[in-house]
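# Examining the three-dimensional arrangement
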Amino acid sequence: MLVSVAIPCYNSEKTIRQVCELTMKEFETINGYEVEFVLVNDNSGDGTAEQIRLLAQDYPNVRGISLMRNFGQHCALMCALNYARGDLILGMDDDLQTHPSQIRKILDKQKEGFDLVYGVYEKSLNSRKKNITSWLNKVSSRMLLGRPKDIRSSNFWLITRKVRDEVIKYRNYNPYVDGLFFRTTHNIGNVTIQHHKREYGTSNYTFRKMLRLWMAYWNYSVLPLRVASFLGAATAIAGFIAAIATVVKKIVDPSVTVGWSSTVSIMLIFFGFVLLVLGIIGEYIGEIVLSVNATPQFVIRDMYNIPDEERKI
């Protein structure tokens with residue numbers, strides 16, 4: 001059985017060779033599996049592209065791709081999925097935090113018949129900021145993406161070829177891979193693995209990138225619009241009740257002065273809510289415009305060890 005290891009690479013010239021070679025050694029100890037790599041350089045600012053070229057030159061089972069600009073981790077993953085040939089596809093990071101020594105556990109869990117297996121960390125070694133955003137991601141993905149309540153997600157996952165074939169049908173410019181997984185299957189398993197420290201550098205995810213990734217959830221749910229509708233109805237009812245209460249109070253006690261400041265406060269609250277709803281609608285319209293304009297998920301500059309007949313995208 002062929003396992004395609006899909007790795008989005010960004011500024012990983014110091015680690016990517018070690019990731020690949022350790023993974024190859026790990027698969028040598030696991031019977032019944034062969035391994036190939038699909039390494040996608042997301043327009044790194046260091047020598048990652050050259051390292052991928054050299055790896056493809058040294059190992060025929062390494063397939064390398066370089067993108068023309070930085071498209072983001074999930075677009076790079078979509079690129080890797082399009083060129084993965086395996087019966088199973090394993091998603092890993094390029095920094096050795098998703099360590100090759102844990103691959104056997106994920107493969108063994110998949111044998112139980114799961115379409116998707118996530119390796120979840122017994123103890124996370126990420127920074128406090130990253131752990132907070134991970135918690136927010138967990139809550140949001142359950143609400144917006146329909147992730148099963150008893151399932152945790154991570155960057156270390158394994159999917160079957162059937163799931164991969166369904167996922168790559170998605171062509172919009174701003175994909176979120178886990179969202180595509182959850183809308184494809186709920187036959188998902190978790191297995192506990194060890195989380196390793198980053199060998200070099202720090203996370204490439206800035207607050208802006210994490211916010212953009214979170215906004216990608218909206219591509220797979222209309223829940224924000226429904227929440228906006230509910231809040232709109234609730235505030236309208238509250239305003240109607242407040243208006244009736246004001247009239248009744250004035251009738252009962254004509255000396256009561258209707259305050260200008262309270263009127264302005266109510267107007268600010270309502271207009272602020274209207275602008276919030278318009279902003280949510282605007283986000284959806286913006287996504288539609290960018291999709292209609294065929295904004296690409298990725299644009300390829302170079303390929304290594306990929307035959308001409310497979311260069312379809």
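Provided above is the structure to which this section pertains.
Here's a quick rundown of the structure.

The rules we used
Residues numbered from 1 in each chain as written. Predicted model: local features only at pLDDT ≥ 70, side-chain atom pairs only at ≥ 80, totals over all residues. Heavy atoms only, no water. Buried < 20%, exposed > 50% of the residue type's maximum accessible area, 1.4 Å probe, protein only. Helix = DSSP H or I, 4+ residues; strand = E, 2+ residues; numbered from the N terminus. Contact = heavy atoms within 4.5 Å. Patch = residues over 30% accessible without salt bridge, like charges linked within 9 Å, V, L, I, M, F, W, Y side chains within 5 Å. Areas by Shrake-Rupley, 256 points an atom, 1.4 Å probe, with all protein chains shown as cover. Salt bridge = Lys/Arg side-chain N within 4 Å of Asp/Glu carboxyl O. Polar contact = N/O pair within 3.5 Å; in protein donor to acceptor, adjacent residues only side chain to side chain. Axes fitted to C-alpha atoms, helices over the stretch in contact; angles between N-to-C directions. Parallel < 35°, antiparallel > 145°, perpendicular 65-115°, else oblique. Nonpolar A, V, L, I, M, F, W, Y, C, P; charged D, E, K, R; others polar. Core = buried A, V, L, I, M, F, W, Y, C linked by side-chain atoms within 4.5 Å. Pairing = 2+ DSSP bridges. Right-handed = clockwise from strand over helix to strand, strands pointing away. Phe/Tyr/Trp six-rings, centres within 6.5 Å; stacked < 30°, edge-to-face > 60°. Lys NZ or Arg CZ within 6 Å of the ring centre and 35° of its normal.

What follows concerns helix α7 (residues 177–184). Of all eight residues in α7, six are buried; the element is thus mostly enclosed. Val-177, Asp-178, Gly-179, Leu-180, Phe-181 and Phe-182 are the residues of α7 that are buried. Among the structural elements, α3 (73–82), β5 (116–121), β6 (157–160), α6 (161–167) and β7 (188–193) are those in contact with the buried residues of α7.

Here we come to a nonpolar patch on the surface. Together, Ile-237, Phe-240, Ile-241, Ile-244, Val-248 and Val-252 give the surface a local cluster of nonpolar side chains, amounting to about 620 Å² of exposed area. Relative to the helices and strands, Val-248 resides in helix α9 (residues 223–252).

What follows concerns the environment of His-74. Along the chain, His-74 turns up in helix α3. His-74 sits 103 residues away from Val-177 along the chain, and the two C-alpha atoms are 6.2 Å apart. For His-74, the side chain forms a polar contact with the main-chain nitrogen of Val-177, separated by 3.0 Å.

Interhelical geometry of helix α1 (residues 16–28) versus helix α2 (residues 48–58) gives an angle of 30° and a closest axis separation of 10 Å. In this view, α1 runs roughly parallel relative to α2, as classed from their interaxial angle. Taken together, the residues of α2 that come into contact with α1 (itself represented by Ile-16, Arg-17 and Cys-20) are Gln-51, Leu-54, Leu-55 and Asp-58. By residue class, the composition of the contact of α1 with α2 is four nonpolar, one polar and two charged.

Our next topic: the packing of α1 against helix α4 (residues 103–110). Across the interface, α1 lies against α4 with an axial gap of 10 Å and an inter-helix angle of 50°. When the interaxial angle is binned, α1 and α4 end up oblique. Here Thr-23, Glu-26 and Phe-27 of α1 come into contact with α4, specifically with Ile-103, Arg-104 and Leu-107. Of the residues in the contact of α1 with α4, the class split is three nonpolar, one polar and two charged.

This brings us to the nonpolar core. Counting 34 residues, the largest nonpolar core has Ile-65, Tyr-118, Trp-157 and Phe-181 as the members making the most contacts within it. Those elements that place two or more of their residues in this core are β2 (34–41), β3 (62–67), α3, β5, β6, α6 and α7. Residue contributions to this core peak at seven residues, all from α3. If we ignore the near neighbours within four places in the chain, the residues touching Phe-181 are Leu-116, Tyr-118, Trp-157, Ile-159, Val-163 and Val-167. Of all hydrophobic cores here, the second largest spans 33 residues; its members include Cys-9, Phe-27, Ile-52 and Ile-193.

In terms of burial, β3 is largely enclosed, as six of its six residues are buried. Residues Val-62, Gly-64 and Ser-66 point to one face of β3 and Arg-63, Ile-65 and Leu-67 to the other, with burial holding for every one of them. Inspection of the sheet shows β2 paired to β3 by five bridges, in the parallel sense. Bridging from a neighbouring strand, Leu-39 pairs with Gly-64 of β3. Note that the unit made of β2, α2 and β3 has a crossover that is right-handed.

By the secondary structure assignment, Asn-293 is in the loop between α10 (260–292) and β8 (300–304). Of the residues examined, Asn-293 reaches a relative accessible area of 54% and is grouped as exposed. Each C-alpha atom, one on Asn-293 and one on Tyr-173, is 9.8 Å from the other, the two residues being 120 residues apart in sequence.

Take the pattern of salt bridges next. As enumerated under the stated definition, the model contains 10 salt bridges in all. Salt-bridge contacts for Glu-21 lead to Arg-17; the nearest nitrogen and oxygen are separated by 3.1 Å. One end of the pair, Glu-21, and the other, Arg-17, are both in helix α1, four residues apart, so they sit about a helical turn from each other. Judged by relative accessible area, which is 22%, Arg-17 ranks as partly exposed. Where Glu-112 meets Lys-109, a salt bridge forms, and the shortest distance between an N and an O atom there is 3.4 Å. Salt bridges linked by common partners bring Arg-17, Glu-21 and Asp-58 together as one network.

Take the packing of aromatic side chains next. Counted under the stated rule, the structure contains two aromatic pairs. Ring plane angle 55° and centroid distance 6.2 Å describe the contact between Tyr-118 and Phe-182, whose orientation is recorded as tilted. With a gap of 64 residues between them, Tyr-118 in strand β5 and Phe-182 in helix α7 connect regions that are remote in the sequence. Measuring from centroid to centroid gives 5.0 Å for Trp-157 and Phe-181, while their planes differ by 75°, and the two rings are edge-to-face. Taken together, the residues Trp-157 in strand β6 and Phe-181 in helix α7 connect sequence positions 24 residues apart. Judged by relative accessible area, which is 0%, Phe-181 ranks as buried. Here Arg-69 stacks its cationic end above the ring of Phe-71, 3.9 Å away from the centre of that ring.

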